[in-house]
Amino acid sequence: MIPFNVPPCVGDEIEYVKQAIDSHKICGDGAFTKKCNAWLEERFQAQKVLLTTSGTTALDMAMLLCDLQPGDEVILPSYTFSSTATACVLAGAKLVFVDVRPDTMNIDETKIEAAITDKTKVIMVMHYAGVACEMDTIMEIAHRHNLMVVEDAAQGVMSTYKGKALGTIGDFGCYSFHETKNYSMGEGGALVINNPAYNERAEILREKGTNRAKFFRGQVDKYTWVDFGDSYLPSELNAAYLWAQLLHADEINENRMATWNAYRQAFAPLAQAGKVELQTLPEGCEHNAHMFYIKCKDLAERTALIDYLKQNGILAVFHYIPLHSAPAGLKFGRFDGEDLYTTRESERLVRLPLYYGLTEEDRNKVIEHVLAFYAQ
């Protein structure tokens, strides 16, 4: 069976993990955590980056830093992972879902303004498949209404919007380094802070509510409990694993892009014949080959395609069930406007195997059987 995903491994990970063990420092914020933070800051021209235990906890931190009050509302897409929504709920907010654009599956920027009320405090965007939302419009709306913007860029590491790294455009950005992402530390993530006014509070929040970071910088003679917080520091073992991959970031990106481009070229005739729809890449958006999806005619065709590929030793998968129709979505939020595309488009989308190290032979087998399915 050709798997849908294989966690990335470049070969140097064990050596760096061993270095962490030999240093006798395997808890958070050691040498490898600092190296990863600095690499991400320099590569993406980010004001400050802090590794976290997951993309989810990065989102949790971002929403807590937005200082939401009971009854405040967050506008977000329904077509996203539960983490995007749970971070808002844990911070005490009500969810206001809006429709997606069918071309990118990102939040429809033209639907945001109508959903704003006097209780709205944050716009949460999710860059689906590493393709950017229309950030210029979204930031303009946010500035005009005095709202904060949080970017769920879990899938967007190495992607850009008009030259800016995803995660560095809004007030906060959140990356994921889960095993399903382009770069992995098993479980892990990072918070990008784009306003230095939030640096100190973020460090306190991440360090169980203490000013420990200031103590280690020599800014205070002892550290103490100063605010609420949690433990959002990943282990040095995880950071060491990630460090190996960041050093090979371009190699990983190019390898994934080669698969993505091969799929794109192979399935272009199907799209031209109107049998499938392929991903749209808006002008100014550089993506990271996080995923390759096609859209089938309808749910029945998608189910048949997935079954056909599985019978031929290929694991292809669908993606999110829209959150607004889930039990928790009904409990914690509401859908503003009409669901024109979120549900319909989610039922058509299928993702093909794409990971670092996917062999040309396996890639060609995927292509061959997708084409065979549509030739029936």
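This write-up is about the structure you can find in this document.

Calculation rules
- Residues numbered from 1 in each chain as written.
- Predicted model: local features only at pLDDT ≥ 70, side-chain atom pairs only at ≥ 80, totals over all residues.
- Heavy atoms only, no water.
- Helix = DSSP H or I, 4+ residues; strand = E, 2+ residues; numbered from the N terminus.
- Buried < 20%, exposed > 50% of the residue type's maximum accessible area, 1.4 Å probe, protein only.
- Lys, Arg positive; Asp, Glu negative; His and termini not counted.
- Salt bridge = Lys/Arg side-chain N within 4 Å of Asp/Glu carboxyl O.
- Contact = heavy atoms within 4.5 Å.
- 1 Å grid on protein atoms, 1.4 Å probe; cavity = no way out; pocket = protein on both sides within 12 Å on 5 of 7 lines; lining within 4 Å.
- Points joined across faces, edges and corners; volume = space filled by probe spheres on them.
- Nonpolar A, V, L, I, M, F, W, Y, C, P; charged D, E, K, R; others polar.
- Pairing = 2+ DSSP bridges.
- Axes fitted to C-alpha atoms, helices over the stretch in contact; angles between N-to-C directions.
- Core = buried A, V, L, I, M, F, W, Y, C linked by side-chain atoms within 4.5 Å.
- Right-handed = clockwise from strand over helix to strand, strands pointing away.

### Focus on the side chain of Arg 363
Here Arg 363 lies in helix H14 (residues 360–375). The charged side chain of Arg 363 is buried without a salt bridge, its nearest counter-charge being Glu 360 at 4.0 Å. Not counting residues within four places of it along the chain, the set of residues in contact with Arg 363 comprises Ala 258, Thr 259, Ala 262, Tyr 263 and Leu 358.

### Some words on the layout of surface pockets
One number sums up the size of the largest pocket: a volume of about 520 Å³. Residue lining of the largest pocket: 29 residues in total, with Phe 81, Gln 155, Thr 180, Lys 181 and Tyr 320 positioned closest to the centre. When contributions to the lining of the largest pocket are tallied by element, the ones reaching two or more residues are helix H3 (55–65), helix H4 (82–90) and strand E8 (172–176). Looking at the lining of the largest pocket residue by residue, the classes come out as 10 nonpolar, 14 polar and five charged. Of the pockets and cavities examined, the second largest pocket occupies roughly 300 Å³. Lining the second largest pocket are 17 residues, with Asp 29, Lys 34, Glu 203, Ala 213 and Arg 217 positioned closest to its centre. Those elements giving two or more residues to the lining of the second largest pocket turn out to be helix H2 (31–44), strand E1 (48–52), helix H7 (199–206) and helix H8 (212–216).

### Here's the deal with the sheet that holds E1
Consider a sheet: its strands pair through backbone hydrogen bonds, and that pairing is either parallel or antiparallel. Spatial strand order, E1-E9-E8-E5-E4-E2-E3-E13: eight strands in an open sheet with mixed pairing. Two strands close off the open sheet at either side, each with one partner strand: E1 and strand E13 (333–335). Going from strand to strand, the sheet's axes swing by 20 degrees on average, the running direction of each strand aside. For E8 and strand E9 (residues 189–193), the ladder comprises five bridges, and the chain directions are antiparallel. For Phe 172, the partnering residue across the bridge sits in E9 and is Ile 193. On top of the sheet, H3 reaches E1, strand E2 (73–77), strand E4 (120–126), strand E5 (148–152), E8 and E9; it is set at about 165 degrees to E8, its chief contact.

### Side note on the environment of Glu 203
Its place among the elements puts Glu 203 in helix H7. By relative accessible area, which is 9% here, Glu 203 ends up buried. Here Glu 203 is in contact with Lys 48, Leu 50, Thr 210, Ala 213 and Arg 217, once residues within four sequence places are set aside.

### A closer look at the nonpolar core
With 54 residues, the main nonpolar core has Leu 40, Leu 51, Ile 123, Met 135, Ile 138 and Phe 177 as its most contacted residues. With six residues, the single largest contributor to this core is helix H9 (residues 236–246). Beyond its immediate stretch of four places on either side in the chain, Leu 40 contacts Gln 45, Ala 46, Val 49, Leu 51, Phe 177, Ala 190 and Leu 246. Listed in part, the 30 residues of the second largest apolar core include Leu 65, Ala 85, Leu 95 and Leu 205.

### Description of the pairing of E5
Counting buried positions along E5 gives five out of five residues, so the element sits mostly inside the fold. Neither face of E5 is left uncovered, since the one carrying Met 148, Val 150 and Asp 152 and the one carrying Val 149 and Glu 151 both have all their residues buried. The sheet contact formed by E4 and E5 spans five bridges and is parallel. Looking across to E5, one finds that Val 125 is bridged to Glu 151. The parallel pair E4 and E5, bridged by helix H6 (residues 135–145), forms a crossover whose chirality is right-handed.

In short, shape yes, function no, at least from these values alone.
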